[in-house]
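# Examining the three-dimensional arrangement
For reference, the chains in residue letters:
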Amino acid sequence: MFVVATAGHVDHGKSTLVRALTGMEPDRWAEERRRGMTIDLGFAWTTLPSGGTVAFVDVPGHERFVPNMLAGVGPVPAALIVVAADEGWMPQSAEHLAALDALGVAYGLLAVTRADLADPGPATARARAEIAETSLGAVPAVAVSGLTGAGLPQLRAALDRLAAQLPAPVVDDPVRLWVDRSFTVRGSGTVVTGTLGAGRLRVGDELELAGADEPVRVRGLHSLGEARPEAAAVARVAVNLRGTPRDRLGRGDALLTPGRFHHTDLVDVRLAGDPAADLPATLTLHVGSAAVPVRVRPLGPDTVRLRLARPLPLLVGDRALLRDPGRHHVSGGVRVLDVAPPPLGRRGAAAARAQVLAELDGRPDLAGELRRRRLIRAGALIRMGVPVHAEPVAGDWLADPAHWRRLGEQLTEEVARHAREHPLEPGMPVDALRQRLALPDRVLVEALVRPPLRIHAGRVGAASANALPEPVALAVQRVRAEYGDRPFRAPEADRLVDLGLGPREIGAAVRAGALLRLADNVVLLPDALDDAVRVLAGLPQPFTLSAARQALDTTRRVAVPLLELLDRRGATRRLPDDARIVVT
Ligand SMILES: Nc1nc2c(ncn2[C@@H]2O[C@H](COP(=O)(O)OP(=O)(O)OP(=O)(O)O)[C@@H](O)[C@H]2O)c(=O)[nH]1
Ligand SMILES: [Mg+2]
C-alpha cells in the first residue's frame, strides 16, 4: 500500500478528486457535507492500474484547520498537491507547500483541478515553479476535472509511477503509530487509526503508550476496511485496543514498540527555515500527528533548544515543523539533533552547546554519541534512535573507548593512592572507587579492574594470596598508631595479646607484608628495616651492639634479632670482633 496526503487551498477540489478516484466519501462528518468543506482528516483508498493500493489522507484546506492538515501530512511521506485551474495559487496553497517543505516531504504530484472551468496552463506553471523550490523538487502535473472525470486515468497512472519511486518501507523497524483518530466501536471498545510508516503490527502485540504505566494490547487490526491478523508498513491501520478507555488517547498520541522510544520534553534541533534570531519565544511544534506548544531558546545561528509542553517519543533525525498559530505562519522545519541534551547551567554553556550542535546533522552516530556522553546504557541509545553495534564494557553499558582507557588509568591511580594512605587495608572498597571515579554503576568499576589488580571481598587491591583479614588489619593499624613514632620499640608480648595479635594473626600480617617478625612475639612495622639501616649508617663504623641499641632507642630484645636480620639480608656485616658495619 502507498499512502498519500492531499494538500491545497480551500475549495480547490481535493475531496472531490479523492471521491472521484476512490468512490469513497472522504468528508466523514455531516457538518462537512452540509458546509461543502472539509474540517477534519478524511480517509479513502482505491486500487491503481498496477494492482497496487493507494490510500488517501484528505486534508482540509481552510486556514482555520491547518493544524488538522498538519496532523494528516505529518506521518505521510508523499503529497498530492491540488490547485484549482480557475483560482490558481492561493495562500493555503503556499502554506501547505511550506509545511510539506518543512517536513522534508520529497515525493509528490500536482493535480490541477477544475480544468473544465479554466485553462489549467497558468495555474500549472505557477504551481510547478513554487513546488520546484521545495523539498519536493520538480513534480509531474496532471490536469483533471472532478466533475467530468477528464484526466483521471492519467492521474491514476501518475500515482502508480509515484508509488514505484517511494523507498521500500523498513518493516523490521520499531513501530511508532501516530494516532490521527480515536473512536469507540460498540462491542469492541477503543479504536485508533493512523499511518503505519515503518514496522509491523500483529494482533496480540503489546505496545507502549506515552504516559500510561501499563502496555496496551492489540485486540484487533483493520486495514482498508478489513480485519487482518497483521499489517506491515506502509499501511493505513485501525487498531482495536483491549481495555484502554477512549479518553486515554487521541490525536497526537503514539503507539510504540516497547522500549524503543525516548519520551522527551527537551530537544536540540537544527532549523531549516528562518534563522533562530527571528523566531518568537513560543511556537507550536508539529511532528507526526502531534501538535505541542514549545518554548524556543536560540543556541547557534541555526540551532535552538525546544522545551515541549508535554513529552513526545522523538528520535534523533526526526523531521518536525514549527508554526506560529497566532500569525498562521509556518516558521520552518526542524531536524532533531539530540533528544536527551545536557542542561545548560554554567555560564557559557549555551555557546559551548552551539558548537557541539554545529557538528551534528541529525544522522544517528554511535561513535559521536559515545564521545559526547562517554558512558551510556545501550537501551538508552536505542531509545534515542541510535543503532547500537558495539560491545558493552559491562552489563549493557557502552563507553567511549578513550574515556574508558582514561577511567582504567584513573582507577589504578586511585587504588595506588589508597594503598599509600591506608597501607594496611587490603585494597580500596569498590563503592569508594565508584564515587571517586563518578561512575553510575558498580559493574563499571568491576569491569575496569584488570590484573595485577583484583577484587576481593568488595575491595580492589593488588592481587595477593593473603589479603589481611579485617581484625588483623585493625590490630596492625593500632600498632602503627602506637609505635609509628618509635619504630624500633616492639610491642611487649602481653600488649600483643591485648591487641588480638596471637601467633596466627601475626603470621597472617607477616604474609601480607603488614608486619615484620624478628622473633617469636617480636614484631615491627615493615618500614622499620630501611629506617634502621639509615640510622646505623649514621654511626661511626664499625659500631657495637650497644651503640646500635642506643642509636635506635630500643632494647636488646629488638636490637639483637634486628641486627641478625640485617646481617642475613646483607644490609650489615658482622666482623670477627662482633662489631658491625653497614654495607654500602
Ligand atoms: N466544475 C468543477 N467543480 C469542482 C471540481 N472539483 C471540485 N469542484 C467543486 O468545488 C467545490 C469544492 O470542492 P471540494 O472538493 O470540497 O474542495 P476541497 O479542496 O476538498 O475543499 P476543502 O476540503 O474545504 O479545502 C465543490 O463545490 C465542488 O463541487 C471540478 O473539477 N470541476
Ligand atoms: Mg475537502
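Here's what I pulled together on the structure shown here.

Cut-off values and rules
- Residues numbered from 1 in each chain as written.
- Chains lettered and ligands numbered in written order.
- Predicted model: local features only at pLDDT ≥ 70, side-chain atom pairs only at ≥ 80, totals over all residues.
- Heavy atoms only, no water.
- Helix = DSSP H or I, 4+ residues; strand = E, 2+ residues; numbered from the N terminus.
- Rg over C-alpha atoms; globule rule 2.2 N^0.38 Å.
- Buried < 20%, exposed > 50% of the residue type's maximum accessible area, 1.4 Å probe, protein only.
- Contact = heavy atoms within 4.5 Å.
- Areas by Shrake-Rupley, 256 points an atom, 1.4 Å probe, with all protein chains shown as cover.
- Donors = N, O, S within 2.8 Å, 3.2 Å for Na, K, Ca; no water.
- Near = heavy atom within 4 Å.
- Polar contact = N/O pair within 3.5 Å; in protein donor to acceptor, adjacent residues only side chain to side chain.
- Nonpolar A, V, L, I, M, F, W, Y, C, P; charged D, E, K, R; others polar.
- Core = buried A, V, L, I, M, F, W, Y, C linked by side-chain atoms within 4.5 Å.
- Expected span 1.5 Å × (residues − 1).
- Pairing = 2+ DSSP bridges.
- Axes fitted to C-alpha atoms, helices over the stretch in contact; angles between N-to-C directions.
- Left-handed = near helix turned anticlockwise from the far one by under 90°.
- Salt bridge = Lys/Arg side-chain N within 4 Å of Asp/Glu carboxyl O.
- Arc of directions from axis to C-beta.

## Remarks on the overall build of the protein chain
The number of helices and strands found in the protein chain is 18 helices and 30 strands. Taking 584 residues into account, the globule formula puts the C-alpha radius of gyration at 25 Å, and the protein chain, at 39 Å, lies well above it. Counting only residues that meet the buried cut, the protein chain has 48% of its 584 residues in that class. Put simply, of all contacts in the protein chain between residues at least 6 apart along the chain, 65% involve residues at least 24 apart. In the structure as shown, the protein chain presents an accessible area of about 26700 Å², 51% of it carried by carbon and sulfur atoms.

## Examining the coordination of the magnesium ion (ligand 2)
Distances from the magnesium ion (ligand 2) to its protein donors, S15 (OG) and T38 (OG1), fall at 2.0 Å. With a gap of 23 residues between them, S15 in helix α1 (residues 14-22) and T38 in the loop between α2 (30-35) and β2 (42-47) connect regions that are remote in the sequence. On the accessibility criterion, S15 (9% relative accessible area) is buried. When its relative accessible area of 9% is taken as the criterion, T38 is described as buried.

## A short note on the site of ligand 1
Of all residues adjacent to ligand 1, which total 19 residues, the nearest are K14, T16, T38, G61 and G146. A distance of 2.9 Å separates an oxygen atom of ligand 1 from a polar backbone atom of G13. Coverage of ligand 1 by the protein chains reaches 81% of its 640 Å² of free accessible surface. A breakdown of the residues in the shell around ligand 1 according to their chemical character gives five nonpolar, 10 polar and four charged.

## Things to note about the nonpolar core
Core analysis: the largest hydrophobic core is formed by 54 residues, its most contacted members being I81, L201, V239 and L255. Sorting elements by how many residues they give to this core places helix α3 (residues 66-73) first, with five residues. Other than its neighbours up to four places away in sequence, L201 contacts V175, L177, L196, L207, L221, P229, E230, A231, V237 and V239. Counting 36 residues, the second-largest nonpolar core is a separate cluster that includes V269, L271, A290 and V316.

## Regarding the side chain of H403
The topology assignment puts H403 in helix α10 (residues 401-421). We classify H403 as buried; its relative accessible area is 10%. Among all residues touching H403, those that are not within four sequence positions of it are R374 and L375.

## Focus: helix α4 (residues 91-102)
The end-to-end C-alpha distance of α4, which contains 12 residues, comes to 16 Å, matching closely the 16 Å that a straight helix rising 1.5 Å per residue would cover. Packed against the buried residues of α4 are β1 (2-7), α3, β4 (78-84), α5 (120-132), β20 (319-324) and β21 (329-338). At the exit of α4 stands G104, carrying a positive phi of roughly 75 degrees.

## A look at the sheet that holds β20
Pairing in this closed barrel of six strands is antiparallel, and the strands run β16-β19-β18-β17-β20-β21 around the ring. Ignoring which end each strand starts from, the neighbouring axes of this sheet average 40 degrees apart. Across the sheet, α4 touches β20 and β21, and the angle it forms with β21 is around 10 degrees. The sheet strands contacting helix α7 (residues 349-358) are β16 (262-271), β18 (290-298), β19 (303-314) and β21, and the helix crosses β16 at an angle near 80 degrees.

## A few points about the packing of α3 against α4
Two elements in contact, α3 and α4, have axes separated by 11 Å at closest approach and are oriented at 35 degrees. By crossing handedness, the relation of α3 to α4 is classed as right-handed. Residues V66, M69, L70 and V73 of α3 form the contact with α4, whose participating residues are Q92, E95, H96, A99 and L100. Partitioned by chemical class, the residues of the contact of α3 with α4 number six nonpolar, two polar and one charged.

## A look at the sheet that holds strand β25 (residues 453-456)
Within the open sheet, the three strands sit side by side as β24-β26-β25. Their pairing is antiparallel. At either margin of the open sheet sits one strand with a lone partner, and together these are β24 (428-429) and β25.

## Points about the pattern of salt bridges
Counted according to the given criterion, the structure contains 37 salt bridges. Notably, a salt bridge pairs R19 with E25, separated by 2.9 Å at the nearest N-O pair. Under the relative-accessibility criterion, R19 is labelled partly exposed at 30%. With a relative accessible area of 32%, E25 lands in the partly exposed category. Between R557 and E492 there is a salt bridge, and its shortest N-O distance comes to 3.8 Å. Of this pair, R557 sits in helix α18 (residues 556-569) while E492 sits in the loop between α13 (470-483) and α14 (493-498), and the two are 65 residues apart along the sequence. Its relative accessible area of 28% is what places R557 among the partly exposed residues. Three or more residues joined by partner-sharing salt bridges are found here, namely D268, R305, D338, R353, E369, R372 and R373.

## Points about the side chain of T303
In this fold, T303 is placed in strand β19. According to the relative accessible area criterion, T303 is buried, its value standing at 1%. Side-chain polar atoms of T303 contact the backbone nitrogen of G300, separated by 2.9 Å.

## Observations regarding the pairing of β20
By the criterion of burial, β20 is predominantly enclosed, with five of the six residues buried. Two strands pair when backbone bridges link them, and strand β17 (residues 282-287) and β20 are joined in this way by three bridges, in the antiparallel orientation. By the bridge assignment, T284 is partnered in β20 with R323. The turn joining β20 and β21, which pair antiparallel and follow one another in sequence, is formed by four residues; a positive phi near 50 degrees is taken by H328.

## Looking at the environment of T47
The residue T47 is located in strand β2 in this model. Take T47: its relative accessible area is 48%, and that puts it in the partly exposed class. For T47 and R480, which are 433 residues apart along the polypeptide, the C-alpha to C-alpha distance reads 91 Å. Beyond its immediate sequence surroundings of up to four residues, T47 is in contact with G52 and T53.

## Here we look at helix α16 (residues 528-537)
Listed in full, the buried residues belonging to α16 are A528, L529, A532 and L536. Taken around the axis of α16, the buried residues stretch over an arc of 95 degrees, which confines them to a single face. Residues of α16 that are exposed and angled more than 90 degrees away from the buried face: D530 and R534. Packing partners of the buried residues in α16 comprise β27 (516-519), β28 (522-524), α17 (545-552), α18, β29 (572-574) and β30 (580-582).

## Some details on the environment of R260
You can see R260 is positioned in the loop between β15 (254-256) and β16. Note: C-alpha distance between R260 and E208 (52 residues apart in sequence) is 9.3 Å. Once residues within four sequence positions are removed from consideration, R260 is found in contact with P174, L315, I382 and R383.

Treat this as a map of the structure, not an account of what it does.
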